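# Residue-level structural notes
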Amino acid sequence: MDGDDFTPEGGKLPELKLDARQAQGFISFFKKLPKDPRAIRLFDRRDYYTAHDENATFIARTYYHTMSALRQLGSSSDGISSASVSKAMFETIARNILLERTDRTLELYEGNGSSWRLTKSGTPGNIGSFEDILFANNDMQDSPVIVALFPVFRESQLYVGLSFLDMTNRKLGLAEFPEDSRFTNVESALVALGCKECLLPADCEKSIDLSPLQDVISNCNVLLTEKKKADFKSRDLAQDLGRMIRGSVEPVRDLLSQFDYALGALGALLSYAELLADDTNYGTYTIEKYSLNRYMRLDSAAVRALNIAEGKTDVNKNFSLFGLMNRTCTVGMGKRLLNRWLKQPLLDVNEINNRLDVVQAIVEDPELCQGLKQQLKKISDIDRLTHSLRKKSANLQPVVKLYQSCSRVPYVKTVLQQYNGQFSTLIRTKFLDPLEEWMTENRFGKFASLVETAIDLVQVDNGEYRISPLYSSDLAVLKDELSIVEDHINNLHMDTASDLDLSIDKHLKLEKGPFGHVFRISKKEEQKIRKKLTSNYIIIETRKDGVKFTSPKLKKLGDQYQALLSEYTCCQKKVADDVVKVSGTFSEVFENFAAILSELDVLQSFADLAVSCPVPYVRPDITASDEGDIILQGSRHPCLEAQDGVNFIPNDCTLVRGKSWFQIITGPNMGGKSTFIRQVEPGACDQSFGIHVAEFANFPEAVVALAKSKAAELEDFSTTPTFSDDSKDEVGSKRKRVFSPDDVTRGSARARLFLEEFAALPTDEMGKTMEMAAKLKADLQKDAADNPWLQQFF
């Protein structure tokens, strides 16, 4: 590949450096890989990555936006197209595939020639092996969840067994329920759980029509992964879970006994995620019975209509409820909880009012609000740090960051204790008491003591994470021996300087490098002492920057130092691994910290939004779903009013039980009907219905086509209207006509009269209504004979 090739973004493409033999060896390996149309396979070539064949085309088209990024690897007869990928572009591709798209998987291979092995694989529901890349520079905004479904038909009724897996938070869940033909229960579960990937048996019962389920999975933007029915097995499930779940196995057995169809789904999840193959999973998971009725049910249409989640094309964050409401301070934790809350609206009035009480407390006390902001923003992502501790590659860094974050909790407590308003009892019960419990000597106190004793916290300020020599007697002995040898080396440095008549450090430097400890002098100084240097010392290398040499004594001391340092490093790693392992046993303490602080963070975010929006929010009076009325006075759309240049006109809405349960919303195009309807969707409503009324009244096809294109233009904010093929020429030509002001005035007045008469038609006798509508249309067409402006609609 030519090293001068550039991408449209201005980045230089890495050069593909393979000779003919290497290329042929790789092609031979690549063509033997099993076909997987979903997989994007990248090959790590140390300084860059490569993609090949259809993957290369996909990357060139999707990320480089040009086919010129493609190069041929190998001869024309058996060669394959290739694309090189820089490390920065690799991170972009990984984030897009695993965090944004739900139609691809990612595989990373390492090796050379014809010998390569799969080292990392990820899907939108299982991102574990790529976490370090995905979240190196940004927060983890959502916890990906995998769901497995097992539909069965029993006694003329469709049932679904469901299981979910949240690998980030180490949670498993089970549910089973009767289902309708449209799989509405499954849809609400996928939305509430924030599902990214769904496992489904490839060979379900023939009596079950899976096309509606596949539509549901697609509508929820979930990756569908089909597995053999044999994978949905429940044999040895209790035994397997006994190794993974915290605590006793008996509660697990009791839970499993409540399910039939969900057990196969759970078995498929354990197998697919290979949870049992990693012993770091043992004793760390929790399992629960998932209830569909725990939260308000939302389907995919509701999520879109309510603008709950951020869209890829959002011009600014205020286009979505999540973007508008996300004023969280903690790194990652608050965002993920807010994301979950928005998909899981509460139904219990007491729980709702408890949240509102805390928000009101923060709104009414500016010192509480500011104090929480200042302290919470100093807290790291405790959930992810705890997650990192469980990895086999874990080091001391997450241990120290957990210690630093949890050390902020006393300051958060002080802020909460200073609040003495009407909700002080709730604040104490909900936050202060739990924080005090988890900060006791037997909980966080033990962890803090471990860190303060085992880790050299002074070195942390220098960016180094080391075990304190005082923590281990073996380390202390080795440290002393290293210091003694180092002193001998420094004394030898001075003796050598004296022997060669050179000033120490200025002329004779002591360095550590690939050759161990060496002396270095400039070429100028070497000329002065060349005779003595060559007779009493050993020259290692001569370069422009000077001459490096050693002596038998320095070599002996250097070898001793390296041997001790190697032993010290090995011993420190063993001690560090033990500290990391012990720290991981405090997972439950950290999880409770995270849960409490995340909730506090989201509620302060709500309070901040309530007081800083264009017009302050008002606390609603909430009643149970089976009582009370919906009475909204001066209600506004939160996302719309937050846009620049928008002067939102508030709306009133009254829905009284037994009286105004049905409403007809009328008004001019783009007058806010849809916005009002979305405030109070019930049911999905993502477009205007005036066009459907026109079709019902048999309006001319050209008029309907023009109306549809204009509606699409206005509602999608596009600049170019589109027309159907059969009406393009006709409508387009008529749109170019110029009408006199008199034609427009008279025509629009007649059209308004028609619409008023049409709106006044009776609705109790449909046959009579249609007859009257046809007469109104005929009269309008007759009057349009001498009005060119009206004629365009016929």
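Data block above holds the structure.
Summarised in this report is the structure supplied together with it. (Residues numbered from 1 in each chain as written. Predicted model: local features only at pLDDT ≥ 70, side-chain atom pairs only at ≥ 80, totals over all residues. Heavy atoms only, no water.)

### A look at the side chain of glutamate 525
As a reminder of what qualifies: Numbering of helices and strands runs from the N terminus; a helix is a DSSP stretch of H or I covering at least four residues, while a strand is a stretch of E covering at least two. When checking whether two residues touch, look at their non-hydrogen atoms; a contact exists if any pair is within 4.5 Å.
Relative to the assigned elements, glutamate 525 resides in helix 22 (residues 523–528). Contact partners of glutamate 525, with chain neighbours within four places excluded, come to Leu502 and His507.

### Description of a negative patch on the surface
For clarity, the cut-off: Note on patches: the residues involved have over 30% relative accessible area and no salt bridge, like charges join within 9 Å, and the nonpolar side chains Val, Leu, Ile, Met, Phe, Trp and Tyr join within 5 Å. Working definition of accessibility: Shrake-Rupley area with a 1.4 Å probe, residue cover restricted to the visible protein chains. The rule for a salt bridge is simple: a side-chain nitrogen of Lys or Arg has to be within 4 Å of a carboxyl oxygen of Asp or Glu. The charge count treats Lys and Arg as positive and Asp and Glu as negative. His and the chain ends do not count. Where a charge sits is defined by one atom per residue type, namely NZ (Lys), CZ (Arg), CG (Asp) or CD (Glu).
Together, Asp474, Asp480, Glu481 and Glu567 make up a region of like negative charge exposed at the surface. Of the residues forming the negative patch, the biggest block, 3 residues, is contributed by helix 21 (residues 473–500). Structurally, the position occupied by aspartate 474 is in helix 21.

### Concerning the pattern of salt bridges
Two side chains of opposite charge can pair, provided their charged atoms sit close to one another. Note the threshold: Think of it in three bands: residues with accessible area under 20% of the maximum for their type are buried, residues over 50% are exposed, and the middle band is partly exposed, with areas taken using a 1.4 Å probe on protein chains only.
All chains considered together, the criterion is met by 34 salt bridges. In this structure, arginine 243 engages aspartate 240 in a salt bridge whose closest nitrogen and oxygen atoms are separated by 3.5 Å. Linking arginine 243 with aspartate 240, this pair stays in helix 7 (residues 237–244), spanning 3 residues, or about one helical turn. With a relative accessible area of 38%, arginine 243 lands in the partly exposed category. One salt bridge in this structure joins glutamate 526 and arginine 530, with 3.1 Å as the shortest N-O distance. Counted as one network, the salt bridges with shared partners bring together Glu131, Asp132 and Lys391.

### Remarks on the sheet that holds strand 14 (residues 516–521)
Cut-off, in case you're wondering: In this scheme, strands are said to pair when DSSP sees at least two bridges between them. For helices, the axis comes from a line fit to the C-alpha atoms of the stretch in contact; other axes are also lines fit to C-alpha atoms, and the angle between any two N-to-C directions lies between 0 and 180 degrees.
Across the sheet, which stays open at both edges, the 4 strands sit in the order 13-14-16-15 with antiparallel pairing between neighbours. Two strands lie at the open edges of the sheet, namely strand 13 (509–513) and strand 15 (538–543), each paired on one side alone. Strand after strand, the sheet turns through a mean of 35 degrees between neighbouring axes, direction not considered. Pairing analysis gives 5 bridges linking strand 13 to strand 14, with the strands arranged antiparallel. Following the sheet pairing, lysine 509 is matched in strand 14 by arginine 520. Those strands touched by helix 24 (residues 552–584) are strand 13, strand 14, strand 15 and strand 16 (546–550), and its axis lies near 140 degrees from that of strand 14.

### Considering helix 6 (residues 211–219)
Here is the rule: It is the directions from the helix axis to the C-beta atoms whose arc is reported.
Here helix 6 has its buried residues at Pro212, Leu213, Val216 and Ile217. Buried residues of helix 6 fall within an arc of 140 degrees about the axis and therefore sit on the same side. Where helix 6 is buried, its residues contact strand 7 (145–154), helix 5 (184–193), strand 10 (195–201) and strand 11 (223–227). The first or second residue beyond helix 6 is asparagine 221, which carries a positive phi of 60 degrees.

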